[in-house]
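Chain residues, written in single-letter form:
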Amino acid sequence: MPKPEWTLLIHGGAGVMRRAEMTPEMDATYRAGLNEALEAGSRILSCGGSSLDAVEAAVGVLEDNPNFNAGKGAVLTLEGVAELDASIMDGSNRKAGAVAQVRTVKNPIRAARHVMEQTGRVMFAGPDVDEMAAKAGIEIVPPEYFITPRRLQALERAMAGDLQPIDCYGTVGAVAMDAKGNLAAATSTGGMNAKPPGRIGDSPIIGAGTYADNASCAVSATGDGEYFIRASAARTICARVEMQGMAAEAAAKATLDEVKALGGTGGVIVLGHKGDVALSMNTEGMFRGRTDATGVRQVGIYVDE
Ligand code: ASP
């Protein structure tokens, strides 16, 4: 199959509600949110825009959607605040930017892009990120903006020892290839529900939660961050594609098997440099979507869709 002129894949996290508990209204709301993100990214790609702009736009839409664990609606730390992590990578030059423990930047993915393009550094963490973003004119909001009743309840449940998958992994991410063949990846998260303050997962770690290289593939991950870090999951998938000639699907499966062997669950979206794609998980489901220049437009939640 010739590769489409452009392709966009997104995810909204690998922790989904058990089918029996998902109401038709919630199902429709999640699918609408995924479609909105696909729309934002594909609008850019179909006009000849860059994969970098497309992944930033798609992730930005999911950050603004209170149903996903990123930006507004992010899960809360044990202390009841949102501490947000995000990263972005440009496959054409392997430049990358990441931010961690952000508390007031409305769209942490914008701060990650600022780090990549304006600082000559790769990663910043803590209150300095909020300050840097404010100085750069990136929108700042009060910490309460991120907090939703649903996440407060989830925190209470976790404190009482009842940790539901839907409350765990809802990280968002996007990978894209543009008409020039450039790959990009972006990931944004609130991390894990009831995490101890200061804990940082895989999402802002280049090579763990996010990676993009035109020579291999673009990856965004979601799941138990500690295991994705220990497996260097995103970079390992790209290495399998580049050095072993694996297709996206096989490289994703082999790496998720490694994560599982370590004790972790989750999923990845992978877009290979030849246009091959994978939306893979070792969980019951992963909120996900795919669209490309040939008119493909799909969203899914459960593993068997
Ligand atoms: N990977 C994220 C983390 O560990 C969580 C998620 O995917 O929802 O912070």
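Below, the structure is looked at part by part. Fair warning: this is a prediction, and the values are worked out from it, not measured in the lab. (Residues numbered from 1 in each chain as written. Predicted model: local features only at pLDDT ≥ 70, side-chain atom pairs only at ≥ 80, totals over all residues. Heavy atoms only, no water.)

Let's shift gears to the overall build of the chain. Within the chain, the regular secondary structure consists of 9 helices and 12 strands. Relative to a compact globule of 305 residues, whose C-alpha radius of gyration would be 19 Å, the chain shows 17 Å and is just as compact. On the principal axes, the C-alpha backbone points of the chain span a range of 50 × 45 × 35 Å. Scored against the burial criterion, the 305 residues of the chain give a buried share of 59%. (Helix = DSSP H or I, 4+ residues; strand = E, 2+ residues; numbered from the N terminus. Rg over C-alpha atoms; globule rule 2.2 N^0.38 Å. Buried < 20%, exposed > 50% of the residue type's maximum accessible area, 1.4 Å probe, protein only.)

To continue, consider empty space enclosed by the protein. Evaluated as defined, the whole model comprises 2 cavities of 30 Å³ or more. Estimates place the volume of the largest cavity at around 80 Å³. Lining the largest cavity are 15 residues; nearest its centre among them are Thr171, Gly191, Asp202, Ser203 and Gly223. Grouping the constituent residues of the lining of the largest cavity by class yields 4 nonpolar, 8 polar and 3 charged. (1 Å grid on protein atoms, 1.4 Å probe; cavity = no way out; pocket = protein on both sides within 12 Å on 5 of 7 lines; lining within 4 Å. Points joined across faces, edges and corners; volume = space filled by probe spheres on them. Nonpolar A, V, L, I, M, F, W, Y, C, P; charged D, E, K, R; others polar.)

Let's shift gears to the sheet that holds strand β10 (residues 277-281). Ordered by their spatial adjacency, 4 strands build an open sheet running β7-β8-β9-β10, and the pairing between neighbours is antiparallel. Strands at the two margins of the open sheet, each flanked by one partner only, are β7 (210-212) and β10. Neighbouring strand axes in the sheet, compared pairwise and without regard to direction, differ in orientation by 10° on average. Across 3 bridges, β7 lies against strand β8 (residues 217-223) in antiparallel orientation. (Pairing = 2+ DSSP bridges. Axes fitted to C-alpha atoms, helices over the stretch in contact; angles between N-to-C directions.)

Let us now look at the site of the ligand. In the vicinity of the ligand, 14 residues are found, and the nearest of them are Thr171, Arg199, Asp202, Thr222 and Gly223. Take Thr222: an N or O atom from its side chain is 2.7 Å from an oxygen atom of the ligand. One of the backbone N or O atoms of Gly223 is found 2.8 Å from an oxygen atom in the ligand. Considered on its own, the ligand offers 270 Å² of accessible surface; in the complex 100% of this is hidden by protein. Counting atoms within 2 Å of the grid points, the majority share of the ligand lands in the largest cavity. Looking at the shell around the ligand, its residues break down into 3 nonpolar, 9 polar and 2 charged. (Near = heavy atom within 4 Å. Polar contact = N/O pair within 3.5 Å; in protein donor to acceptor, adjacent residues only side chain to side chain. Areas by Shrake-Rupley, 256 points an atom, 1.4 Å probe, with all protein chains shown as cover. Sits in = over half its atoms within 2 Å of the grid points.)

Time to look at the pairing of strand β2 (residues 84-90). In terms of burial, β2 is a largely internal element, 7 of the 7 residues being buried. Burial along β2 is two-sided: Leu84, Ala86, Ile88 and Asp90 and Asp85, Ser87 and Met89, pointing in opposite directions, are all buried. In the sheet, β2 pairs with strand β3 (residues 95-102) via 6 bridges, with the strands oriented antiparallel. For Ser87, the partnering residue across the bridge sits in β3 and is Ala98. Hairpin connection of β2 to β3: 4 residues between the antiparallel strands, including Arg94 at a positive phi of 55°. Bridge analysis of β2 against strand β6 (residues 183-189) gives 6 bridges, and the strand direction is antiparallel. Each residue of the ladder has a partner; that of Met89, found in β6, is Ala185.

Ranked by internal contacts, the top residues of the largest apolar core, which has 54 residues, are Ile10, Ile88, Val99 and Phe287. With 8 residues, helix α2 (residues 51-64) is the largest single contributor of residues to this core. Core analysis: the second largest hydrophobic core is formed by 36 residues, Met89, Val175, Ala212 and Leu256 among them. (Core = buried A, V, L, I, M, F, W, Y, C linked by side-chain atoms within 4.5 Å.)

Here we take up helix α1 (residues 24-46). The end-to-end C-alpha separation of α1 is 32 Å, in line with the 33 Å expected for 23 residues at 1.5 Å each. Of all the residues in α1, the buried ones are Asp27, Tyr30, Arg31, Gly33, Leu34, Ala37, Leu38, Ala40, Gly41, Ser42 and Leu45. (Expected span 1.5 Å × (residues − 1).)

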